[in-house]
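# Structural description and commentary
So the chains spell out like this:
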Amino acid sequence: MPAPTPLALFVGMPGLALSADEIAFFRDANPFGLFLFKRNLDTPKQIRRMVAQFREAVGRADAPVYIDQEGGRVQRLDNGNWPLFRSLGSFGALARIDLELGKHALRLSSLAMGTMMSELGLGSGTTPVLDLARKGTHDVIGQRAFGDDPELVAALGRVVIDAMLEVGSMPIIKHIPGYGRVTVDPHFDCPVVDASVEDMMTTDFAPFMTLKDSPWAMVAHLVFTRIDPDRPASVSPLVHDLIRNTLGYDGVLITDCLTMEALKGTWPERVAAALDAGYDIALHSQGDLAATIAAANAARPLGAQSLARIARAQQQLGTTRADVTALHAEVEQIFRESGLG
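Remember, predicted model here, so these are calculated numbers, not experimental data.

### A few points about the overall build of the protein chain
- Scanning the protein chain for helices and strands turns up 12 helices and 11 strands.
- Its C-alpha atoms give the protein chain principal-axis dimensions of roughly 55 × 50 × 35 Å.
- Across the 341 residues that make up the protein chain, the buried fraction comes to 59%.
- Contacts spanning at least 24 positions in sequence make up 77% of the contacts within the protein chain whose residues lie at least 6 apart.
- Accessible surface, the protein chain as shown: approximately 13300 Å² in total, 53% of it carbon and sulfur.
- Placing the 31 positive and 40 negative side-chain charges of the protein chain at their respective mean positions leaves the two points 2 Å apart.

### So, the sheet that holds strand β1 (residues 7-11)
- Strand order in the open sheet formed by four strands is β3-β2-β1-β11, with parallel pairing between adjacent strands. Edge positions in the sheet fall to β3 (65-66) and β11 (282-284), since each has one partner strand and no second.

### Focus: the side chain of serine 110
- Tracing the sequence through the fold places serine 110 in helix α4 (residues 99-120).
- Residue serine 110 is classed as buried on the basis of its relative accessible area of 3%.
- Ignoring sequence-local partners within four residues, the contact set of serine 110 consists of Val160, Ala163 and Met164.

### A short note on the sheet that holds strand β10 (residues 252-255)
- In spatial order, the strands read β6-β8-β10; together these three strands make up an open sheet with parallel pairing. Two strands lie at the open edges of the sheet, namely β6 (172-176) and β10, each paired on one side alone. Strand-to-strand twist across the sheet, computed as the mean angle between neighbouring axes with direction ignored, equals 30°.
- Bridging between β6 and strand β8 (residues 216-219) involves four bridges; their strand directions are parallel. Its bridge partner being in β8, isoleucine 176 is matched across the sheet by valine 219.

### So, the pattern of salt bridges
- Within the structure shown, the criterion is met by 19 salt bridges.
- With a closest N to O distance of 3.0 Å, glutamate 332 and arginine 86 form a salt bridge. With a gap of 246 residues between them, glutamate 332 in helix α12 (residues 324-338) and arginine 86 in the loop between β5 (74-75) and α3 (88-97) connect regions that are remote in the sequence.
- Taking the shortest distance from any N to any O, the salt bridge between arginine 181 and aspartate 199 comes out at 3.2 Å. Pair noted here: arginine 181 is in the loop between β6 and β7 (192-193) and aspartate 199 is in helix α6 (residues 197-201), with a separation of 18 residues, a long-range link.
- Given a relative accessible area of 23%, arginine 181 falls into the partly exposed group.
- Judged by relative accessible area, aspartate 199 falls into the partly exposed class, the value being 32%.

### Description of the packing of helix α1 (residues 20-29) against helix α2 (residues 44-58)
- The geometry of α1 relative to α2 is characterised by a closest axis approach of 7 Å and an angle of 45° between their N-to-C directions. Compared by their axis directions, α1 and α2 come out oblique. Packed against α1, whose contacting residues are Ile23, Phe26 and Arg27, the element α2 presents Gln53, Phe54, Ala57 and Val58 at the interface.
- Per-class residue counts for the contact of α1 with α2 are five nonpolar, one polar and one charged.

### With respect to the side chain of threonine 292
- Relative to the assigned elements, threonine 292 resides in helix α10 (residues 289-298).
- We classify threonine 292 as buried; its relative accessible area is 1%.

### A closer look at α10
- Inspection of α10 places Ala291, Thr292, Ala295, Ala296 and Ala298 among the buried residues, and these make up the whole buried set. Each buried residue of α10 sits inside an arc of 160° when the element is viewed along its axis, so together they form one side. Of the exposed residues in α10, those oriented more than 90 degrees away from the buried face are Ala290 and Asn297.
- Contacts from the buried residues of α10 go to β1, α1, α9 (267-277) and β11.
- Two or three places before alanine 290, at the opening of α10, aspartate 288 has a side-chain oxygen 3.2 Å from that residue's backbone nitrogen.

Conventions adopted
Residues numbered from 1 in each chain as written. Predicted model: local features only at pLDDT ≥ 70, side-chain atom pairs only at ≥ 80, totals over all residues. Heavy atoms only, no water. Helix = DSSP H or I, 4+ residues; strand = E, 2+ residues; numbered from the N terminus. Buried < 20%, exposed > 50% of the residue type's maximum accessible area, 1.4 Å probe, protein only. Contact = heavy atoms within 4.5 Å. Areas by Shrake-Rupley, 256 points an atom, 1.4 Å probe, with all protein chains shown as cover. Lys, Arg positive; Asp, Glu negative; His and termini not counted. Charge placed at Lys NZ, Arg CZ, Asp CG, Glu CD. Pairing = 2+ DSSP bridges. Axes fitted to C-alpha atoms, helices over the stretch in contact; angles between N-to-C directions. Salt bridge = Lys/Arg side-chain N within 4 Å of Asp/Glu carboxyl O. Parallel < 35°, antiparallel > 145°, perpendicular 65-115°, else oblique. Nonpolar A, V, L, I, M, F, W, Y, C, P; charged D, E, K, R; others polar. Arc of directions from axis to C-beta. Polar contact = N/O pair within 3.5 Å; in protein donor to acceptor, adjacent residues only side chain to side chain.

Spelled out as structure tokens, the structure:
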């Protein structure tokens, strides 16, 4: 008998190990993946044990376990057990001084960070960020972005994608089709962008089109009034169609976390809306078991097209490993010698 198809859903959990109830839920519901936060990450041994628990529960040895690990202020492995990595914005600053040196340092950092995650059993750090950081962009993006030049953002994004793939860590470009014009934090409010599609094709959308061969992308929570004035991108069939048909992206599309306040409705309503819009996978990482069960009840098994996209992405992963300590030290030396500290 073939194995059951996983739900088109990533979920979270509250602690450092799976409880008996959580194991039973994962076994029965079979969500595709697990998304972890600082609350779940303590030591290498503990992380590997939790990853193994989840994979055993769902019965898939390759079930993905992802985190946010971009560098700078968004890196979940930051409790002293691992090196701290510089923000993407810092590499953008270096690249504006010396493009090739900036790309070299970013490659070394990405190889080190990707290796670190792969060795823990963590499949992705959901990076790189391709949003533009322009004057007026909310600090929720800020130093998470390479800068405001679409060509530079795409060039540096390519470095991260290639390096992550090389060491077996899944790159995820975010937040398609772009948070660059947001003036409020989507964790707490719904951003509204009034710019024309024609304008954004040469600005915010451009890095995503250049890197449309990236295997995964994470979808933003914001309203584009010229595309769909009524629904945020992550639950909008119109924005989904723009991403697929206008931007030409045919990789795996996962939403940003559906518990953010940019969205309205119950957790199950948000999950259903995202999947109804056409996205491959809904992300519900809130962590409370009751809420997670409710989200899972609204999800559905991955479709054939989604499974094919996931399989294509997996085939791109390499198996090499880098020397984390040595590469991290080399990056720090480059920044000291560059005068950027």
